[in-house]
Amino acid sequence: MTVTALLTTAQLLLVSVTLSHGDVSQDSPITLIVFNSFENTNLTYPTTVAYRGILLGAMRRLQASDHSFTFKTREDDNYGPFLVSVNGLAGTEKDRTYWELLVQSADGAMIWSDVGVGCYIPRDQERIILKFRKY
Ligand code: B12
Ligand SMILES: *[C@@H]1O[C@H](CO)[C@@H](O)[C@H](O)[C@H]1NC(C)=O
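These notes cover the structure that comes with them. Just so you know, these numbers come straight off a predicted model, no measurement behind them.

**Some details on the overall build of the protein chain**
The secondary structure content of the protein chain amounts to two helices and eight strands. Each helix and strand of the protein chain, ordered N terminal to C terminal, gives the series α-β-β-α-β-β-β-β-β-β. Within the protein chain, the proportion of its 135 residues that are buried is 31%. For the protein chain, long-range pairs separated by at least 24 residues make up 51% of all intrachain contacts whose partners lie at least 6 apart in sequence. Taken as a whole, the protein chain presents about 9100 Å² of accessible surface, with 57% of it coming from carbon and sulfur.

**Considerations on the site of ligand 2**
In the vicinity of ligand 2, the contacting residues are Phe35, Asn40, Asn42, Arg127 and Ile129. One nitrogen or oxygen atom from the side chain of Asn42 is found 2.4 Å from an oxygen atom belonging to ligand 2. Protein coverage of the free-state accessible area of ligand 2, which is 370 Å², stands at 54%. Here the shell around ligand 2 is composed, by residue class, of two nonpolar, two polar and one charged.

**Re unusual backbone geometry**
One non-glycine residue, Asn40, lies in the positive phi region at around 50 degrees. The residue Asn40 is located in the loop between β1 (28–36) and β2 (41–49) in this model. Even without glycine at this site, Gln125 takes up a positive phi of about 70 degrees. Relative to the helices and strands, Gln125 is located in the loop between β7 (110–112) and β8 (127–134).

**Some thoughts on the pairing of strand β3 (residues 71–76)**
Examined bridge by bridge, β3 and strand β4 (residues 80–86) share six bridges and lie antiparallel to one another. Counterpart to Lys72 in the pairing with β4 is Ser85. Hairpin geometry of β3 and β4 is characterised by an intervening segment of three residues between the two adjacent antiparallel strands.

**Quick notes on helix α2 (residues 55–65)**
Those residues of α2 that fall on the buried side of the exposure criterion are Leu55, Leu56, Ala58, Met59 and Leu62. All buried residues of α2 project into a common sector of 160 degrees when viewed along the axis, lining one side. Along α2, the residues that are exposed and aim more than 90 degrees away from the buried face are Arg60, Ala64 and Ser65.

About the criteria used
Residues numbered from 1 in each chain as written. Chains lettered and ligands numbered in written order. Predicted model: local features only at pLDDT ≥ 70, side-chain atom pairs only at ≥ 80, totals over all residues. Heavy atoms only, no water. Helix = DSSP H or I, 4+ residues; strand = E, 2+ residues; numbered from the N terminus. Buried < 20%, exposed > 50% of the residue type's maximum accessible area, 1.4 Å probe, protein only. Contact = heavy atoms within 4.5 Å. Areas by Shrake-Rupley, 256 points an atom, 1.4 Å probe, with all protein chains shown as cover. Near = heavy atom within 4 Å. Polar contact = N/O pair within 3.5 Å; in protein donor to acceptor, adjacent residues only side chain to side chain. Nonpolar A, V, L, I, M, F, W, Y, C, P; charged D, E, K, R; others polar. Pairing = 2+ DSSP bridges. Arc of directions from axis to C-beta.

Next comes the structure, spelled out in structure tokens:
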């Protein structure tokens, strides 16, 4: 009787942990697109992001596995990592250029991310567009 009661409590605990944390999950496929708006060229990199992982993590994984993709960030005191350069091309204050962060969801809708690469959590099948442009 006591054993049964204990088991039931343990099972209930397990169920509640699973509900709050989600199941043990697979990495989500995403696509990173490096878009140079001046030359109108795109490079496409299929990659993955950890379950509820940040975009910066997916970019680090990609950089480690595919040496044709490189990037650099600068730490900002308030907002975290600022994406300075991609594939050796850096935004500058002099030219007023930067890498803009855009996101296209699986249904095609395009949004402007209101957070940087260290805060953005990509969803399954999203296309993340890093767009080199002027401000
Ligand atoms: C101007 C500005 C920019 C300019 C900065 C360049 C420049 N020399 O002016 C540009 C156009 C480059 C820019 C880009 C982005 N920005 Co901006 N930007 C601002 C804005 C309007 C003013 C910042 C400022 O001048 N402060 C005054 C100076 C004296 O203080 P400062 O600390 O030196 O400012 C620096 C930082 O703010 C930094 N910075 C600006 N934006 C961002 C974004 C991130 C993620 C980081 C880490 C740093 C950073 O650049 C400033 C100049 O060096 C703020 C909103 C606000 N009213 O504060 C948003 C703001 C900081 N930006 C924001 C965002 C989201 C972005 C982008 C991610 C947008 C996008 N989807 O691409 C990109 C960054 C992408 C990347 N490469 O990492 C958000 C940050 C929120 C967050 N928690 O992440 C803010 C708060 C606006 C908002 N709508 O919420 N931005
Ligand atoms: C590159 O990608 C962007 C964003 O998806 C798109 O607007 C643009 O037309 C593309 N350019 C080329 C040459 O494919």
